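In case you want the letters, here they are:
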Amino acid sequence: MRTAEIRKRWLDYFAAQDHTVVPSASLISPDPSTLFTIAGMVPFIPYMTGEQTAPWQRATSVQKCVRTLDIEDVGKTTRHGTFFQMNGNFSFGDYFKEGAITYAWDLITRSQDEGGYGIPEDKIWVTVFHEDDEARRLWKKIAGLPDERIQGLGMGPNYWSTGARGPAGPCSEIFYDRGPAYGPDGGPAIDLAGDRFLEIWNLVFMQYERGDGGTKESFPILGELTKKNIDTGMGLERVAFVLQGVDNMYEIDEVFPVIAAAQELSGKRYGADTDDDVRMRVVADHVRSALMIISDGVRPSNEGRGYVLRRLLRRSVRAMRLLGVEDPSLPQLFPVSRDAMQASYPEVGADFERISQIAYAEEEAFRRTLTSGTTILDTAVAAAKTTAGAGGTPVLPGDQAFALHDTYGFPIDLTLEMAAEQGVQVDEKAFRALMQEQRTRARADALAKRTGGVDTAAYEALQSELARPVEFLGYTDATASV
Ligand code: ATP
Ligand code: MG
Ligand code: MG
Ligand code: MG
């Protein structure tokens, strides 16, 4: 079943259960606490917190999402994309646990002839919060699941809250058993990180009001919410790879064509070498994410969303080079991704000229950076190896990483990646300190310019502000501006 069809069935099913179909919000998050929309419920947060009254009691959507936190997993696990689509059904003070579990079970197991996904019942395992006896009882009643296939877990995986005062509550997650070829049996505790049990759907029961303070594992509960909400999220690509009978989410109809194109361009065969396979999956994922992110109005830059986009494009270009393709590759890959995505997102086709020009210009700029910086980096790497000697751990000094960044426009994550490929670490701490010094200097200069001289009071205030520990987020977080 094609991904566009799985998506359509989702919306049709919940529309038939009186849910209003709400179009996907932009990838540019409507909630200021994250750069990108990371889940289907994000556009509905004001209704969940009670800050605004929802215009409907029931809603459903297929939300475009980007999770930069998952970037290092892409291509290595079977199930993490930087871009993915989250199918959601939401109840604002209307149906609760029984309704949510009933709909989920029905849609998953209903035959394909009758509009469902037709997943065999004996493939489904679920988790519940271990104190949520009601959810456990409902799964037994509605789905008839044996005890072994309803597993109780703690706060970490099975409790949701925003981390501050507001709605909170237990979750119940639905897993698909891919069979013994992918790992050990599920009883008495399924391996959540392994490949055998694939998390496809998370049901969140917003039941309580939590207070401020506490930790993720323990916090004050102020009482039951008078209006309880349901928020669910099903990974569209995950269901697609189950229903399409392929091995992972990069092999579904919306993603694989780019892998096929990368094979052709590189002359390498997908499936022949583990490292090359990861590279091809990274390319296919990142090209699609970049396409969707540019479509929503982001341009490459050195900070925030633009930096994430830049990183995705550059990582994809680098992966193609590692596959042996020296010529520009995005002009070969972007049209393929467009063709795979436009059934669900016609705007990507309509706006393709603009989208692709932004991507191609970034590839050109990056090729120039690579040409000028790679020789310098290779020399520094070789020197670090010589300094370390046989048996030592080679470390590239922070000032060299800084020079690469400052003079050659080599972002630190690229230096880290390229050095690591040659078995060399980078003194990130020293690099960070130099970056910080440079920022302090730049701000002091700017102040001096504005005031015509150095205003020492303002400068000192700035100094103490800058003296706060600055967390380095360059590798994992979207907000880094290195
Ligand atoms: P995982 O444990 O596999 O990382 P998660 O628990 O972080 O998933 P949720 O936050 O519960 O995911 O999101 C709801 C659903 O969205 C998941 O059950 C999954 O089907 C899907 N999903 C989450 N992250 C991704 C991703 N990076 N790529 C594709 N689908 C995803
Ligand atoms: Mg996750
Ligand atoms: Mg999970
Ligand atoms: Mg989950």
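Procedures and definitions
For every chain, the first residue of the written sequence is number 1, and numbering continues from 1 along that sequence. Chain letters start at A and ligand numbers start at 1, both assigned in the order the entries are written. Given that this is a predicted model, residues contribute local features only at a pLDDT of at least 70 and side-chain atom pairs are listed and counted only at 80 or more, while totals for whole chains, interfaces and linings are drawn from all residues. Side-chain measures were taken over the full set of non-hydrogen atoms in the model, leaving aside hydrogen atoms and water. Each helix is a run of H or I in the DSSP string that is no shorter than four residues. Each strand is a run of E no shorter than two, and both are numbered from the N terminus. This radius of gyration counts C-alpha atoms alone. The globule rule is 2.2 Å times how many residues there are, raised to the power 0.38. Contact between two residues is taken to exist if any of their heavy atoms lie within 4.5 Å; hydrogens are not considered. Burial classes follow relative accessibility: with a 1.4 Å probe on protein chains only, a residue under 20% of its type's maximum area counts as buried, one over 50% as exposed, and anything between as partly exposed. In what follows, salt bridge is the name for a side-chain nitrogen of Lys or Arg lying within 4 Å of a carboxyl oxygen of Asp or Glu. A molecule or strand has a residue near it when one of that residue's heavy atoms lies within 4 Å. In protein, a polar contact means a hydrogen-donor-capable atom and an acceptor-capable atom, both N or O and within 3.5 Å, with residues adjacent in sequence counting only if both atoms are side-chain atoms; elsewhere, any N or O pair within 3.5 Å suffices. Calculation of accessible area relied on Shrake-Rupley with a 1.4 Å probe; when residues are assessed, cover is drawn exclusively from the protein chains displayed. Each residue gets one label: Ala, Val, Leu, Ile, Met, Phe, Trp, Tyr, Cys and Pro are nonpolar, Asp, Glu, Lys and Arg are charged, and the others, such as Gly, are polar. Coordination shells were defined by N, O and S atoms within 2.8 Å of each metal, extended to 3.2 Å for Na, K and Ca; water is absent from the atom set, which can make sites look incomplete. Here an angle of 0 to 180 degrees is reported between the N-to-C directions of two axes, which are lines fitted to C-alpha atoms, with helices fitted over the stretch in contact. Should an angle fall under 35 degrees it is called roughly parallel, over 145 degrees roughly antiparallel, and 65 to 115 degrees roughly perpendicular, with every other angle called oblique. The sense of a crossing depends on the near helix, which, turned anticlockwise from the far helix by less than a right angle, makes the crossing left-handed and, turned clockwise, makes it right-handed. Using protein atoms alone on a 1 Å grid, points that fit a 1.4 Å probe yet trap it form a cavity, whereas open point sets bounded by protein on both sides within 12 Å along at least five of seven lines form a pocket; residues with an atom within 4 Å of a point count as lining. Grid points are joined across faces, edges and corners, and a volume is the space filled by probe spheres set on the points. Two residue types count as positive, namely Lys and Arg, and two as negative, namely Asp and Glu; His and chain ends fall outside the count. The disulfide criterion is simple: two cysteine sulfur atoms within 2.5 Å. For two strands to count as paired, DSSP must find a minimum of two bridges between them.

Draft legend 1. Layout of the overall build of the chain. Within the chain, the regular secondary structure consists of 16 helices and 11 strands. Computed over C-alpha atoms, the radius of gyration of the chain comes to 25 Å, within 12% of the 23 Å expected from 2.2 N^0.38 for 482 residues, which places it in the range of a compact globule. Its C-alpha atoms give the chain principal-axis dimensions of about 70 × 60 × 50 Å. Looking at the chain alone, contacts between residues at least 24 apart form 71% of all its contacts between residues at least 6 apart.

Draft legend 2. Region of interest: helix H14 (residues 412-421). Among the 10 residues in H14, eight count as buried, and that is most of the element. Of all the positions in H14, only Ile412, Asp413, Leu414, Thr415, Leu416, Glu417, Met418 and Ala419 are classed as buried. Following H14 by one or two positions, Gly423 adopts a phi angle in the positive range, close to 75 degrees.

Draft legend 3. Fine view of the pattern of salt bridges. As enumerated under the stated definition, the model contains 29 salt bridges in all. The partner of Glu5 in a salt bridge is Arg9, with the nearest N and O atoms 2.7 Å apart. Linking Glu5 with Arg9, this pair stays in helix H1 (residues 3-16), spanning four residues, or about one helical turn. The residue Glu437 makes a salt bridge to Arg441 at a minimum N-O spacing of 3.9 Å. Taken together, the residues Glu437 and Arg441, both in helix H15 (residues 428-451) and four residues apart, mark about one turn of the helix.

Draft legend 4. Representation of the site of ligand 1. Neighbouring ligand 1 are 16 residues, the closest being Asp70, Arg79, His80, Glu199 and Arg238. The contact in question runs from an oxygen atom of ligand 1 to an N or O atom on the side chain of Arg79, over 2.8 Å. At a separation of 2.9 Å, an oxygen atom of ligand 1 approaches a polar side-chain atom of Arg238. For ligand 1, the accessible surface in isolation is 590 Å², of which the surrounding protein chains cover 83%. Within the residue set of the shell around ligand 1, elements represented by two or more residues are strand S3 (83-92), strand S8 (197-210) and strand S9 (221-235). Among the elements that take part in the shell around ligand 1, S8 stands out by supplying four residues, more than any other. When the residues that make up the shell around ligand 1 are grouped by side-chain class, the tally is five nonpolar, five polar and six charged.

Draft legend 5. View of the coordination of the magnesium ion (ligand 4). For the magnesium ion (ligand 4), the protein coordination sphere consists of Glu173 (OE) and Glu199 (OE), at 2.0 to 2.2 Å. Separating the magnesium ion (ligand 4) and the magnesium ion (ligand 3) is a distance of 3.2 Å, and Glu199 donates to both of them. Of this pair, Glu173 sits in strand S7 (residues 166-177) while Glu199 sits in strand S8, and the two are 26 residues apart along the sequence. Under the relative-accessibility criterion, Glu173 is labelled buried at 8%. Classification of Glu199 by relative accessible area gives partly exposed; the value is 26%.

Draft legend 6. Looking closely at unusual backbone geometry. A cis geometry characterises the amide bond from Gly187 onward to Pro188, with omega recorded as 0 degrees. For Pro188, the position within the fold is in the loop between S7 and S8. Positive phi, normally seen in glycine, also occurs at Asp18, with a value near 65 degrees.

Draft legend 7. Seen up close, the packing of helix H12 (residues 352-388) against helix H13 (residues 398-408). Where H12 meets H13, the axes come as close as 10 Å, and the angle between the chain directions of the two elements is 165 degrees. Viewed along their axes, H12 and H13 adopt a mutual orientation that is roughly antiparallel. Here the hand of the crossing between H12 and H13 comes out right-handed. Mapping the contact onto sequence places Thr369, Ser372, Gly373, Ile376, Leu377 and Ala380 in H12 and Gln400, Leu404 and Tyr408 in H13. Residue classes in the contact of H12 with H13 are distributed as five nonpolar, four polar and no charged.

Draft legend 8. Structural detail: the layout of surface pockets. Within this model, the second largest pocket holds a volume of roughly 410 Å³. Contributing elements (two or more residues each) for the lining of the second largest pocket: helix H8 (274-295), helix H9 (304-322) and H14. When its residues are assigned to classes, the lining of the second largest pocket shows seven nonpolar, no polar and eight charged.

Draft legend 9. Fine view of the side chain of Arg149. Turning to its location among the elements, Arg149 is positioned in the loop between helix H4 (133-143) and strand S5 (150-153). Although Arg149 lies buried, it forms no salt bridge, and the closest oppositely charged side chain, Glu148, sits 5.7 Å away as judged by the N-O distance. Reaching out from Arg149, the side chain makes a polar contact with the backbone oxygen of Glu121 at a distance of 3.1 Å. Of note is the side chain of Arg149, whose polar atom sits 2.6 Å from the backbone oxygen of Ile124.

Draft legend 10. Main features of the packing of H8 against H9. Close contact between H8 and H9 brings their axes to 9 Å; oriented N to C, the two are set at 150 degrees. What the angle tells us is that H8 and H9 run roughly antiparallel. As H8 runs across H9, the sense of the crossing is left-handed. Counted together, Arg279, Val282, Val283, His286, Val287, Ser289, Ala290, Ile293 and Ile294 of H8 and Leu309, Leu312, Leu313, Arg315, Ser316, Ala319, Met320 and Leu322 of H9 form the full contact between these two elements.

Draft legend 11. Spotlight on empty space enclosed by the protein. In total, this model carries four cavities of 30 Å³ or more according to the counting rule given. Of the pockets and cavities examined, the second largest cavity occupies roughly 60 Å³. Residue lining of the second largest cavity: Arg311, Arg314, Arg315, Pro411, Asp413, Leu414 and Glu417, and that is the complete set. Those elements giving two or more residues to the lining of the second largest cavity turn out to be H9 and H14. Tallied by class, residues from the lining of the second largest cavity come to two nonpolar, no polar and five charged.

Draft legend 12. Representation of the state of the cysteines. Per the counting criterion, the structure on display carries zero disulfides. Of all cysteine sulfurs, the one in Cys171 lies closest to Cys65, which takes part in no disulfide; the gap is 16 Å. You can call Cys171 buried: its relative accessible area is 3%.

Draft legend 13. Structural context of the pairing of S9. Here S3 pairs with S9 via five bridges, running antiparallel. In the strand pairing of S9, Phe92 is matched with Asn229.

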